[in-house]
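# Fold and contact review
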Amino acid sequence: MKKTLSILLSIVLAVSSLGAGTAVFADEEAKSASVEFSVYDGGFIKEPTVIEVSADLSDKYGYTDEGNEPTVLDATIAAHLNIFGSTDLLTINGSWILTAFDKDAGTLSYRVSSNYAGGLNDTVKDGDYVEYMFYQDAVGWSDAYTFFEARQKNAFTSEEVTLTLKKEGYDESWAPVILPVANASITVNGEVKGTTDEKGEIALSFDKIGTYKISTENNIGGAPIFAPWCVINVSTQLYDYVEKETFGGAEYLLGGIDSFSVENAVDFLTYLKSGYDTSIYEETFLSSVKENLDSNGGKLVTPAVAGFNSEMGIYGAVIQILFILGINPADFEGYNLIDAFESIDLTASYHPYYYRAAIEAASDNFAKTLCDKYIADFYVKGSGLNYWGFSCDNTAHFLSSIAKYKDSYAEYVEDAKAVIKSYTKENGAYCDPQWAPDVNADSTALAMMAFASVGDIETAFTYYKNLVEGFESNKAGVFCYTDEVNAYATKDALLSLEYFRNEVNSQSFEHTEEIIKTKTVKATTKKNGSITKTCVICEKTSKTTIYYPKTVSLSSSKYTYSNSEKKPKVTVKDSNGKTVSASNYTVKYSNNKKVGTAKAIITFKGNYSGSVTKTFKINPKGTKLTKLTANKKGFTAKWSKQSVQTSGYQIRYSTDKNFKKYNTKTVSSSKTTSKKVSGLKANKKYFVEVRTYKTVNGTKYYSDWSAYKTVKTK
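### Comments concerning the overall build of the protein
In terms of helices and strands, the protein carries 15 helices and 40 strands. By its C-alpha atoms, the protein is 145 × 85 × 55 Å across when sized along the principal axes. Across the 714 residues in the protein, those meeting the buried criterion constitute 47%. Here the contacts in the protein between residues at least 6 apart in sequence split such that 59% fall between residues at least 24 apart. For the protein, the accessible surface area stands at approximately 34,300 Å², while carbon and sulfur atoms represent 45% of it.

Given below as structure tokens:
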């Protein structure tokens, strides 16, 4: 035990190598690090908190350390400043810490990222955690250092998370060993939720979204410990994706914006609530607010919007922004914005879209006064909110505005919900049946916002599914109005997603069905394609093969000219042997009326790409023999004239009626209808046929042979 005490005292209490030190030169910027610290004394005096530790703190506050890197001493000073606002309770004498955190430091131990620190001159870097721990056993120094294998974990609701608790000890030869801790009472946000098993493990699950602080009681079986710490961030897969969308939408929209002023405070509030980093705009915005107040006798004065006063909504937005930034709006630069807000002229006509920000910022009594005015000025039961006409979008804004007081205005809530649903199709919402009857991103998003704002998360989710599947681009949070990426659609979606995200968080709601994005690789005429369907929330994927169109055939390869277009039926079979539906291709025919080679051009569409050209022939109309006259060692053939789409005729003759061997004679004029054939055998029977032909671009196209006739030569 003496050895243990010696180690602890030498490591924990000594301020080793403190001397003249090295000051930070005036022209050299002091380095800093983000460090987490905690203070434990049988319970957490200070739970783990991230602070910025600068290397020049020791010099600023009259202490001395070495080098220009942040040290444990700098971290200790920063920790006192964080808790007490000063270093009055931190005293060091020579190489000893005498007091720290309002206690005698004789029982103080500390570690950097779970490892013993060699002294206050040890450096700290980004991500380190410094644990300050006071021994409960100041006689035997028996407090065991315990820790979870993971200091932070992320989990989804109802997902089981296993933590392993371990402690640092020594074996019989005083060599350090790490051992599992069994039978430790594990606390979640201060409440005991179970004990570890013999492996030091415990399985935890959580039904609600939130941040859960995991530790233990201050002893194990009566033996004191330095308690461990772990944070489990619990979310739903849906919440995580919606948060990603709000960041993505804000990033896209803020890309071309340099500053915000009072006039666009409502927009700035949306970006601020998104969680995206808007710090670069805050100073300019606050200056704009002060300048406006200074110029107008302590009141916010803004231009009219579409002929309506806007001050009410601007006040509401500015007040909310100040609260979010940690500034009291009742005492902003000497002005009381709360009093000024509640003193606005309620006889004026205010823009209906600005009521939402005003009602959300107002006290309950004033908010209900605004709700009453809103309803009286703009709302018609059964039709919704009237702002340049009735629409889904207007009524959605109305419902979101009065949602905070939905119990007091239940009849209007139910009426507005019914109106919005009347503008809803299976694949989303549309604005107006006359002017904007198509489902679009804006109306779908605002309908989602309306139902989310009154807690109807199931209905809101349906609109969310429509919104993402129908209108979200390849970048999360960036939306198309119908087909192309659109800033207005993205802006309305961002606003609406914030309400939806809040309700998802409130109800720990998970996606009840998959939100599918489809990626199609079209099949070509030589290669298979695929359809990959992926849920953007849980990333579950399914893949279907699109077999390429391997065989394309025509119902006929040749036709006879008839002065009408020829259109053979097309049949396509894929590489899997199945017939491809005609809805996946178009057929265009060319040169398909006159004699010659015609084309059927099959162009694929939908899940296919490419084209195939098939050819077929149109031959001239045939003729028939009208008379055969025998001649000496020959004969004369006569036939019917065929002058349409015909260049001439061809006669063939043979002593075999099957024409296994035959001779031919060609007549090159369509006007000639007879041909004398000589030089044959005498007294021999001959079989004779005739056909037409037409020459097109150097190629002869023939009709079928006529029925044969016979003749016996003389």
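### Things to note about the environment of Ser113
With respect to the helices and strands, Ser113 occurs in the loop between strand E6 (108-112) and strand E7 (115-116). Its relative accessible area of 18% is what places Ser113 among the buried residues. For the pair Ser113 and Gly127, spaced 14 residues apart in sequence, the C-alpha to C-alpha distance is 8.6 Å. When neighbours within four sequence positions are excluded, Ser113 is seen to be in contact with Asp128 and Tyr129.

### Let's talk about the nonpolar core
Phe341, Tyr464 and Phe500 are the most contacted members of the largest nonpolar core, which has 105 residues in total. Looking at this core, the element that brings in the most residues is helix H13 (residues 441-453), giving nine residues. When near neighbours in sequence (up to four residues on either side) are disregarded, Tyr464 contacts Leu238, Tyr241, Val242, Glu245, Met448, Leu497, Phe500, Ile515 and Ile537. Counting residues in each nonpolar core, the second largest holds 28 residues, with Ile51, Val72, Leu90 and Leu108 among its members.

### Thoughts on the packing of helix H5 (residues 265-274) against helix H7 (residues 311-324)
Contact pair H5 / H7: the axes reach a minimum separation of 8 Å and the direction vectors enclose 30°. Between H5 and H7 lies a crossing of left-handed hand. Of the residues in H7, those touching H5 at Ala265, Val266, Phe268, Leu269, Leu272 and Lys273 are Gly313, Ile314, Ala317, Val318, Gln320, Ile321 and Ile324. Residues belonging to the contact of H5 with H7 are distributed by class as follows: 10 nonpolar, two polar and one charged.

### Side note on the sheet that holds E7
Sheet strands pair via backbone hydrogen bonds, and the direction of the pair is either parallel or antiparallel. As summarised here, the arrangement of the five strands in space is E2-E1-E8-E6-E7, forming an open sheet in which the pairing is mixed. Of all strands in the sheet, those with a lone pairing partner are strand E2 (44-54) and E7, marking the two edges. Examined bridge by bridge, E6 and strand E8 (residues 129-134) share five bridges and lie antiparallel to one another. The residue bridging Tyr110 from the neighbouring strand is Tyr132, located in E8. Each of strand E1 (32-40), E2, E6 and E8 touches helix H3 (residues 72-84); the most contacted strand, E2, lies at about 120° to it.

### Considerations on the packing of helix H11 (residues 392-402) against H13
Interaxial distance between H11 and H13 falls to 8 Å at its minimum, and their mutual angle equals 25°. Judged by the inter-axis angle, H11 sits roughly parallel to H13. Remark: the crossing between H11 and H13 carries left-handed chirality. Residue-level inspection shows Cys392, Asp393, Ala396, His397, Leu399 and Ser400 of H11 in contact with H13, the latter providing Asp442, Ser443, Leu446, Ala447, Met449, Ala450 and Ser453. Per-class residue counts for the contact of H11 with H13 are seven nonpolar, four polar and two charged.

### Topic: the packing of aromatic side chains
For the structure shown, the criterion picks out 40 aromatic pairs. Taken together, the ring pairs in this structure connect Phe308, Tyr353, Tyr355, Tyr374, Phe378, Tyr379, Tyr387, Trp388, Phe398 and Tyr412 into an aromatic cluster. The ring of Tyr116 carries the charged tip of Arg111 above its face, separated from the ring centre by 4.0 Å.

### Focus: the pairing of strand E9 (residues 144-148)
Of all five residues making up E9, four are buried, and the element is well covered by its neighbours. Where E9 lies against strand E18 (residues 223-226), two bridges are found, and the strand directions are parallel. Within E18, the position partnered with Tyr145 by the bridge is Phe226. Sheet topology note: the E9/strand E11 (residues 161-170) ladder contains four bridges and is antiparallel. The partner of Phe148 across the bridge, within E11, is Leu165.

### A look at the side chain of Thr270
Here Thr270 lies in helix H5. Ignoring sequence-local partners within four residues, the contact set of Thr270 consists of Leu494, Leu495 and Glu498.

### A word on unusual backbone geometry
Positive phi, close to 50°, is recorded for Ser508, a residue that is not glycine. One can find Ser508 in the loop between helix H15 (487-507) and strand E24 (516-521). Phi at Asn683 is positive, roughly 55°, even though this residue is not glycine. By the element assignment, Asn683 lies in the loop between strand E37 (674-677) and strand E38 (685-696).

Parameters and conventions
Residues numbered from 1 in each chain as written. Predicted model: local features only at pLDDT ≥ 70, side-chain atom pairs only at ≥ 80, totals over all residues. Heavy atoms only, no water. Helix = DSSP H or I, 4+ residues; strand = E, 2+ residues; numbered from the N terminus. Buried < 20%, exposed > 50% of the residue type's maximum accessible area, 1.4 Å probe, protein only. Contact = heavy atoms within 4.5 Å. Areas by Shrake-Rupley, 256 points an atom, 1.4 Å probe, with all protein chains shown as cover. Core = buried A, V, L, I, M, F, W, Y, C linked by side-chain atoms within 4.5 Å. Axes fitted to C-alpha atoms, helices over the stretch in contact; angles between N-to-C directions. Left-handed = near helix turned anticlockwise from the far one by under 90°. Nonpolar A, V, L, I, M, F, W, Y, C, P; charged D, E, K, R; others polar. Pairing = 2+ DSSP bridges. Parallel < 35°, antiparallel > 145°, perpendicular 65-115°, else oblique. Phe/Tyr/Trp six-rings, centres within 6.5 Å; stacked < 30°, edge-to-face > 60°. Lys NZ or Arg CZ within 6 Å of the ring centre and 35° of its normal.

Function cannot be read off these values alone, since they describe shape.
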